[in-house]
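Below are the chains, spelled out letter by letter.
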Amino acid sequence: MPHIFSIPNVTRRAGIVWYRNLVVFVRTWQVNFFPPLVEALLYLFAIGIGIGTYVQQIDGIPYINFIAPAILAIAVMNSAFFECTFGSFVRMYYQKTFDAMIATPLSIEDVIAGELLWGATRSVIYVIIMLPVLAVFGVVSLPLALLAIPLAFLGGLMFAGIAMCFTSVTPGIDTLNYPSFLFITPMALFSGTFFPLTLMPAFLQYFALAVLPLTHLVAIMRMLTLPSLSWTLLLHLAWIAVITAITCIISINLMRKRLIV
Amino acid sequence: MTAIIKAHDLKKNYNSTVAVDGIQFTVKKGEIFGFLGPNGAGKTTTMKMITCVSPRTSGTLTVLGMDPEEKPAEIKQSLGVVPQETNLDPDFTCFGNLYYYSLYFNIPKDEATRRADELLEFVQLTEKRDVSVDKLSGGMKRRLILARALVNRPDILILDEPTIGLDPQARHLIWEKLRSLQARGNTIVMTTHYLDEAARLCDRLVIMDNGKILVEGAPADLVREHVGDEIVEVEGSDDVVTCLRERGVPFEKTGDMVQVTGTTEKAREVARTILDRCQPARMITRPATLEDVFLKLTGRNLRE
């Protein structure tokens, strides 16, 4: 019997599951394309220009430029996380889409891998929509900020993996609200997003760096958009890569355990 | 005829409950093979093992000469599955459901389009081609699921209660489609609770209960062997019951009627005797059916 750390046997067929989700996304584009656009504008006006009037600079950086990468990082987190919690749960539990898929040559590993890749892709799409808006306002610096796009895929995959772990153990759709407001919402506020990590007590800074995935994503994103590159980028990248690999593997095995009895 | 599905001492446990308890059967190429039994008998579990979505606990199972645990993708490439639960994709139209399902089988896109349209016609849903599946009636949904099970031109069709909840018209249409598929050389394995359906369609069937196979055979043979050609049912009043008891006629109470048992031969003579001696107000003799076999073997108690 495979255990939760065994490497799942994912085949190229995962791409078909990814494609199915892409088709549905594009078909309902009106409801999918505007939220990230509106979200970017709301954050820019409310926090960037609103609060930015009082907080003009952080460490010599205009406040609106300081939060621009956080807006991108939060969008990466939210789009992948909600896609692979509520979105995947609806497809698994209510629509029985996974049951229909595994009656074909697709295996459950292929299906979940396709879902994870799709969650990451959704993050990429959101960043692609938001970047031009931020660029027009002159708060991100091109061309280095374009690297936010591949970064969105890696970060998205990490949050998709984390989300799928919750989905694999949740008894129902309501209990998915717990990780949303106990984990995701606080993380959006305390990961060096709207104020620097250094403002927090030392132990909270260590805590954020040790266990809050968004901290690392925001840090890299900020290095790319300001830009202010530093060798610590590699450490953040390594942290994300390790957590991504672990959560994706565990989530596939947990889903297998849940669905194949 | 060659064996296309073969099970020997097949077992499946869910934690501590035994769902399938060492069954043995062989499905031959080109036949319609039925699994009958009360709820919880282990029919659906058996289907799930055949369709490679539930691993067996022990025993051997081969489908198309392959082991579901070793070559699930290869087996599933040649299976068409109609599940008990309707799991059409609500994000797509009727056409979309067939088209995207074809892609899961690696069927090229233009071929998938062609097959989807062809199958919509086969199940008479062409005019619903671009309608969302939410808008379909129950019968239409079952027909679309049957069409979906055919996109990969399967060698074996696995149907778990294909006509559940359908009106007589829709059931007849499904039966007609299944027969034409059999005529084309498909092997069909099905479960059903409708015994008339099983008697009409199945070349051979098994009756299961508590995870075990009780009997196996052609429907007509099973009827003849276990309940005879005709059934005598008499009004169940106290007088009649006393009379039957005095004459030593074996019987079984079924609601307000009494069914005379052990009338394998000479049902008419028995009927005449009862009519003369016991003078019941109501009595019928009727041809025995698969339902009589089913109830005789699995009892009349409610399950679950």
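All residue numbers here refer to positions counted from 1 along the written sequence of the relevant chain. Chains and ligands are labelled by the order in which they are written, letters from A for the one and numbers from 1 for the other. In keeping with the predicted nature of the model, local features appear solely for residues at pLDDT of at least 70, side-chain atom pairs appear and are counted solely at 80 or more, and the whole-chain, interface and lining totals rest on all residues. No hydrogens and no water enter the side-chain calculation; it runs on all heavy atoms of the structure.

Some points on the interface of chain B and chain A
The contact rule is simple, with two residues in contact once any of their heavy atoms fall within 4.5 Å. Of the residues lining the interface, 24 residues belong to chain B; the matching set on chain A comes to 21 residues. When two parts are put together, the accessible area they lose, computed with a 1.4 Å probe and summed over both, is reported as buried area. Taken together, the two surfaces of chain B and chain A that pack against each other cover about 2,100 Å², and 60% of this comes from carbon and sulfur. Only one rule defines a salt bridge in this text: a Lys or Arg side-chain nitrogen within 4 Å of an Asp or Glu carboxyl oxygen. Taken together, the links from chain B to chain A amount to 2 salt bridges. Whenever two N or O atoms come within 3.5 Å, that pair is a polar contact, provided that in protein one can donate a hydrogen and the other can accept it, and provided that, for residues adjacent in sequence, both atoms are side-chain atoms. Here chain B is connected to chain A by 10 residue pairs in polar contact (both at pLDDT 80 or more). Listed by contribution, the elements that provide at least two residues to the side of chain B that touches chain A are strand 1 (3–14), helix 2 (72–76) and helix 3 (94–104) of chain B. The helix and strand labels rest on DSSP assignments: H or I over at least four residues marks a helix, E over at least two residues marks a strand, and numbering proceeds from the N terminus.

A short note on the nonpolar core
Formed by 164 residues in total, the largest nonpolar core has its most connected members in A:Phe159, A:Leu214, B:Ile5, B:Phe25, B:Leu144 and B:Leu178. Element by element, the count of residues in this core is highest for helix 3 (residues 63–94) of chain A, at 17 residues. Apart from residues no more than four positions distant in its own chain, A:Leu214 is found in contact with A:Ala73, A:Ile74, A:Met77, A:Phe159, A:Met187, A:Ala188, A:Ser191 and A:Thr193. Buried residues of nine kinds, namely Ala, Val, Leu, Ile, Met, Phe, Trp, Tyr and Cys, make up a nonpolar core once their side-chain atoms join them within 4.5 Å. Three exposure classes are used, based on accessible area relative to the maximum for each residue type with a 1.4 Å probe and protein chains only: buried under 20%, partly exposed in between, and exposed over 50%. Counting 13 residues, the second-largest nonpolar core is a separate cluster that includes B:Val249, B:Val258, B:Ala271 and B:Ile274.

Overview of the packing of aromatic side chains
Side-chain rings of Phe, Tyr and Trp (the six-membered ring for Trp) are treated as a pair once their centres are within 6.5 Å; stacked means planes under 30 degrees apart, edge-to-face means over 60, and tilted covers the remaining angles. Per the stated rule, a full pass over the model turns up 24 aromatic pairs over all chains. Ring geometry for A:Phe25 and A:Trp118: centres 5.3 Å apart, planes at 65°, overall edge-to-face. Within this pair, whereas A:Phe25 is found in helix 1 (residues 14–27), its partner A:Trp118 is found in helix 5 (residues 108–136), the two being separated by 93 residues in sequence. Just as A:Phe25 is buried, A:Trp118 falls in that class too. Measuring from ring centre to ring centre gives 5.7 Å for B:Phe95 and B:Tyr99, while their planes differ by 20°; the resulting arrangement is stacked. Taken together, the residues B:Phe95 and B:Tyr99, both in helix 3 and 4 residues apart, mark about one turn of the helix.

Structural notes on the sheet that holds strand 2 (residues 17–28) of chain B
Residue and element names in this part refer to chain B. Pairing between strands is defined by DSSP: at least two bridges between them are needed. Overall, antiparallel pairing links the 3 strands, which are arranged 2-1-4 in an open sheet. Each of the sheet's edge strands pairs with one partner strand only, and the pair in question is strand 2 and strand 4 (58–63). Taken over all neighbouring pairs, the strand axes of this sheet differ in orientation by 20° on average, direction set aside. Where strand 1 lies against strand 4, 5 bridges are found, and the strand directions are antiparallel. Bridge pairing links Ala 7 to Leu 61 in strand 4. Across the sheet, helix 1 (residues 43–50) touches strand 1, strand 2 and strand 4, and the angle it forms with strand 2 is around 60°. Note on method: axes are straight lines fitted to C-alpha atoms, helices fitted across the in-contact stretch only, with angles between N-to-C directions ranging 0 to 180 degrees.

Observations regarding the pairing of strand 10 (residues 230–235) of chain B
All names here are of chain B. Along strand 10, 6 of the 6 residues are buried, which leaves the element largely enclosed by surrounding structure. The pairing of strand 10 with strand 13 (residues 283–287) spans 5 bridges and is antiparallel. Looking across to strand 13, one finds that Ile 231 is bridged to Arg 286. Here strand 10 pairs with strand 12 (residues 257–260) via 4 bridges, running antiparallel.

Section: the side chain of B:Arg148
Residue and element names in this part refer to chain B. With respect to the secondary-structure elements, Arg 148 resides in helix 5 (residues 138–148). Among buried Asp, Glu, Lys and Arg side chains, Arg 148 stands out as unpaired, with Asp 89 the closest opposite charge at 7.4 Å. In terms of polar contacts, Arg 148 uses its side chain to reach the side chain of Asn 87, at 2.6 Å. We treat Lys and Arg as the positive residues and Asp and Glu as the negative residues; His and chain ends play no part in the count.

Quick notes on the domain arrangement of chain B
Each assigned domain of chain B is listed with its residue range as follows: domain 1 (3–222) and domain 2 (229–287). Residue ranges for the domains trace back to a domain assignment, done automatically or taken from a database. Using C-alpha coordinates to define each centre, domain 1 of chain B is positioned 41 Å away from domain 2 of chain B.

A closer look at the pattern of salt bridges
Residue and element names in this part refer to chain B. Counted by the stated rule, this structure contains 21 salt bridges over all chains. The partner of Arg 286 in a salt bridge is Glu 233, with the nearest N and O atoms 3.3 Å apart. Residue Arg 286 is found in strand 13, and its partner Glu 233 is found in strand 10; the two are separated by 53 residues along the sequence. A relative accessible area of 22% means that Arg 286 is categorised as partly exposed. According to the relative accessible area criterion, Glu 233 is buried, its value standing at 12%. One connected set of salt bridges, linked through shared partners, spans Glu 111, Arg 114, Arg 115, Glu 118 and Arg 153.

What to know about the confidence of the model for chain A
On a range of 0 to 100, pLDDT expresses the predictor's confidence in each residue. Averaged over all residues, the pLDDT of chain A is 93; the fraction at 70 or higher stands at 99%. The weakest mean pLDDT in chain A belongs to helix 2 (residues 29–50) of chain A at 82; the strongest belongs to helix 6 (residues 148–169) of chain A at 97.

Observations concerning the sheet that holds strand 12 of chain B
Residues and elements named next belong to chain B. Reading across from one edge, 11-12-10-13 is the order of the 4 strands in this open sheet, with antiparallel pairing throughout. Bordering the open sheet on either side are strand 11 (251–254) and strand 13, each of which pairs with just one other strand. In this sheet, neighbouring strand axes are inclined to one another by 30° on average, regardless of whether the strands run parallel or antiparallel. Lying on the sheet, helix 10 (residues 267–278) is in contact with strand 10, strand 12 and strand 13; it crosses strand 10 at an angle near 15°.

Comments concerning the pairing of strand 2 of chain B
Residues and elements named next belong to chain B. Here strand 1 runs beside strand 2; their pairing, made up of 9 bridges, is antiparallel. Paired with Leu 10 across the bridge in strand 2 is Ile 23. The turn linking strand 1 back onto strand 2 is made up of 2 residues, and Asn 15 within it adopts a positive phi angle of 50°.

Quick notes on the state of the cysteines
Residues and elements named next belong to chain A. Whenever a pair of cysteine sulfur atoms sits within 2.5 Å, that pair is classed as a disulfide. Counted under the stated rule, the structure contains 0 disulfides over all chains. Cys 248 supplies the cysteine sulfur nearest to Cys 84, a cysteine that is in no disulfide, at a spacing of 8.6 Å. A relative accessible area of 0% means that Cys 84 is categorised as buried.

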